[in-house]
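Chain and residue survey
So you can see what is in the structure, the chains are spelled out below.
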There are 2 protein chains.
Amino acid sequence: MMEQTTIALLSGGVDSATAACIALEDGQKVIGLSFDYGQRHLKELQAAKDLAKDLNLEDHLTIKINLSSWGGSSLTDSSQTIPTKGIQKNIIPNTYVPGRNTIFIAIGLSLAEARGANRIALGINAMDYSGYPDCRPDYLETYQELAKLSSKVGREGKGISLWAPLLNWKKTKIFKEALRLKVPIEKTWSCYQGGIKPCGKCDSCRIRDQALEIIGRKDLCSQNI
Amino acid sequence: MMEQTTIALLSGGVDSATAACIALEDGQKVIGLSFDYGQRHLKELQAAKDLAKDLNLEDHLTIKINLSSWGGSSLTDSSQTIPTKGIQKNIIPNTYVPGRNTIFIAIGLSLAEARGANRIALGINAMDYSGYPDCRPDYLETYQELAKLSSKVGREGKGISLWAPLLNWKKTKIFKEALRLKVPIEKTWSCYQGGIKPCGKCDSCRIRDQALEIIGRKDLCSQNI
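Worth saying up front: this structure is predicted, and the values here are computed from it rather than measured.

So, about the relation of the copies chain B and chain A. With an RMSD of 0.0 Å, chain B superimposes on chain A once it is rotated by 180° and translated 0.0 Å along the axis. Here the symmetry operator amounts to a two-fold rotation axis. Interface overlap between copies is the fraction of interface residues in one copy that are interface residues in the other; for chain B against chain A it reaches 100%, indicating a shared surface.

For the rest of this paragraph, the subject is the interface of chain B and chain A. In this assembly, 35 residues from chain B lie in contact with 35 residues from chain A. Interface of chain B and chain A: buried area, both sides summed, is about 3200 Å²; carbon and sulfur atoms make up 70% of it. Per-residue buried area on chain B facing chain A is highest for Trp-70, Leu-146 and Arg-155 of chain B; these three make up 21% of the total on that side. Remark: the boundary between chain B and chain A carries two salt bridges. In this structure, the salt-bridge partner of Arg-155 of chain A is Asp-138 of chain B, at a minimum N-O distance of 2.8 Å. Those elements that provide at least two residues to the side of chain B that touches chain A are strand E3 (59–64), helix H3 (100–115), helix H4 (137–150) and helix H5 (152–155) of chain B. For the side of chain B that touches chain A, the class distribution of residues is 18 nonpolar, nine polar and eight charged.

Further remarks concern the sheet that holds strand E4 (residues 119–121) of chain B. Residues and elements named next belong to chain B. Pairing is parallel in the open sheet, where five strands are placed in the order E3-E2-E1-E4-E5. The sheet is open, and its two edges are formed by E3 and strand E5 (161–163), each paired on a single side. Recorded for the sheet is a direction-independent mean angle of 25° between the axes of neighbouring strands. As paired elements, strand E1 (residues 5–9) and strand E2 (residues 29–36) share five bridges and run parallel to each other. In the sheet register, Thr-6 faces E2, and the bridge partner there is Val-30. Packed onto the sheet, helix H2 (residues 43–54) meets E2 and E3 and runs at close to 165° relative to E3.

Residue and element names in this part refer to chain A. Even without a glycine there, the phi angle at Lys-182 is positive, about 60°. The topology assignment puts Lys-182 in the loop between helix H6 (171–180) and helix H7 (203–214). Overall, the relative accessible area of 70% leaves Lys-182 in the exposed class.

Residue and element names in this part refer to chain B. At a closest axis distance of 9 Å, the pairing of helix H6 (residues 171–180) and helix H7 (residues 203–214) adopts a crossing angle of 70°. By the angle between their axes, H6 is roughly perpendicular relative to H7. Helix-helix and strand crossings are classified by hand; for H6 and H7 the assignment is right-handed. Taking contact as the criterion, the partners of Lys-171, Thr-172 and Phe-175 in H6 are, on H7, Ile-207, Arg-208, Ala-211, Leu-212 and Ile-214. In terms of residue class, the contact of H6 with H7 is made up of five nonpolar, one polar and two charged.

Attention now moves to the sheet that holds strand E3 (residues 59–64) of chain A. All names here are of chain A. Taken in spatial order, the five strands of this open sheet run E3-E2-E1-E4-E5, and their pairing is parallel. With one partner strand each, in any of the chains shown, E3 and strand E5 (161–163) form the two edges of the open sheet. Pairwise comparison of adjacent strand axes, ignoring direction, gives a mean angle of 25° for this sheet. Here six bridges tie strand E2 (residues 29–36) to E3, and the two strands are oriented parallel to one another. Residue pairing across strands places Ser-34 opposite Thr-62, the latter belonging to E3. Across the sheet, helix H3 (residues 100–115) touches strand E1 (5–9), E2, E3, strand E4 (119–121) and E5, and the angle it forms with E2 is around 140°.

Below, the discussion takes up the nonpolar core. Judged by nonpolar contacts, the single largest core of 95 residues is most densely connected at Ile-105 of chain A together with Ile-105 and Ile-107 of chain B. Ignoring any residue separated from it by four or fewer positions in sequence, one finds Ile-105 of chain A in contact with Leu-9, Ile-120, Leu-122, Ile-124, Tyr-139, Leu-140, Tyr-143 and Leu-162 of chain A.

Attention now moves to the pattern of salt bridges. Residue and element names in this part refer to chain A. Enumeration over the complete set of coordinates arrives at 22 salt bridges over all chains. Residue Arg-119 pairs with Asp-26 through a salt bridge whose shortest N-O separation is 3.3 Å. You can see Arg-119 sitting in strand E4 and its partner Asp-26 sitting in the loop between helix H1 (14–25) and E2, a full 93 residues away along the chain. The shortest N-O distance in the salt bridge between Asp-219 and Arg-217 comes to 2.9 Å. By relative accessible area, which is 40% here, Asp-219 ends up partly exposed. Taking relative accessible area as the criterion, Arg-217 reaches 30% and is therefore assigned partly exposed.

All names here are of chain B. At their nearest, the axes of H3 and H4 sit 12 Å apart, and the two run at 35° to each other. The handedness of the crossing between H3 and H4 comes out as right-handed. Between H3 and H4, the contacting residues are Asn-101, Thr-102, Ile-105, Ala-106 and Leu-109 on the first element and Tyr-139, Leu-140, Tyr-143 and Ala-147 on the second. Partitioned by chemical class, the residues of the contact of H3 with H4 number seven nonpolar, two polar and no charged.

Turning to the pairing of E2 of chain A, a few remarks are in order. Residue and element names in this part refer to chain A. Among the eight residues that make up E2, seven are buried, leaving the element largely enclosed by the rest of the structure. With H1 bridging E1 and its parallel neighbour E2, the resulting β-α-β unit is right-handed. Read from E2 through helix H2 (residues 43–54) to E3, the crossover connection turns out right-handed.

Thresholds, definitions, all that
- Residues numbered from 1 in each chain as written.
- Chains lettered and ligands numbered in written order.
- Predicted model: local features only at pLDDT ≥ 70, side-chain atom pairs only at ≥ 80, totals over all residues.
- Heavy atoms only, no water.
- Least-squares fit on C-alpha atoms with pLDDT ≥ 70 in both.
- Contact = heavy atoms within 4.5 Å.
- Buried area = accessible area lost by both parts, 1.4 Å probe.
- Salt bridge = Lys/Arg side-chain N within 4 Å of Asp/Glu carboxyl O.
- Helix = DSSP H or I, 4+ residues; strand = E, 2+ residues; numbered from the N terminus.
- Nonpolar A, V, L, I, M, F, W, Y, C, P; charged D, E, K, R; others polar.
- Pairing = 2+ DSSP bridges.
- Axes fitted to C-alpha atoms, helices over the stretch in contact; angles between N-to-C directions.
- Buried < 20%, exposed > 50% of the residue type's maximum accessible area, 1.4 Å probe, protein only.
- Parallel < 35°, antiparallel > 145°, perpendicular 65-115°, else oblique.
- Left-handed = near helix turned anticlockwise from the far one by under 90°.
- Core = buried A, V, L, I, M, F, W, Y, C linked by side-chain atoms within 4.5 Å.
- Right-handed = clockwise from strand over helix to strand, strands pointing away.

The structure is reproduced here in structure tokens:
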């Protein structure tokens, strides 16, 4: 089988690291891609760097794109407060960053085409998540169609596939898979805040901790790492 | 009528400046957006800045996103040669930059959502052009669908429209409209090279000059400005 190359978008969190590890197990050559987009803190970027090294990826690029110039999210505008009261059904929280995934995937497509990669691995998950519009299956399906039309390789029939293996997984399943694949979970960073330790209260910490408790790994919860 | 806001992607060339002017004539508030993406030269960026000032736009942002980290195009990799022999039918030339328009529009969508704009003006043209995959009508139609699904405003039914008024215009029609709208054509920059004067030989110069000759404005051709 011809060796295939995957561009893995790495946020520093457990989902994207798990997606990258599935690609590695699958025998793909994996190039990591992370974004310094003006987020509140750089802890997640350091985590992404550490993970890329730990997983022995082929390469790891960090691209600067300053989305905090226009804010529009509590993650890129420090004057907005990150919610800590838990996820509210049918309400998109202010941690949603306008256009973020659309930009990240677009940059991934550019890198993939330039490097001859045939797949972009995404940690996107639409089960235990905050309801972001750009993490849903219909969004990804449409982006797949756009990927085909947007590129020279796509027009020639050799498309780049947007591959989101965790899209329909419960968070507990993601953690079980991460443990099986020996993802260094203790090195991942999920918290929206950039404290010395994860806050344990933001949506991201809550979703993570809840799943870890259910699978009996309280030792990996935010308050314990 | 409620005042509407348009984000106009400004490349420094005549097409995007004309699209911005149509939006202005239409009574829209216009915010210009340009990209320092690692292109060969910064002449087009200076042109975009001059045009934004000249047209008295509400605001003008220039965003840095370094696509030359991975090249893949003669416009972002100076080791590749820009073709000068004229456009060849059904061949996408090496001036095509992988993912460029997809990234630029994604950033435009992010800014539009954060600033409450309802339209993105694009100078994209699929008539007298180099055959880039990301300048074609099916690409734009699919991106419009994605724009709806990707954003909070889109999911709420208040979509951001991707508006490409020149999409099906011949270049001669674009120049006639630019002249009617008093676009300062002499301040626009189309050439792929960054010489003191436009080269007159690259595809971009050729398309521009041919149209200007046809409409009897040889005085605005590359060799005369």
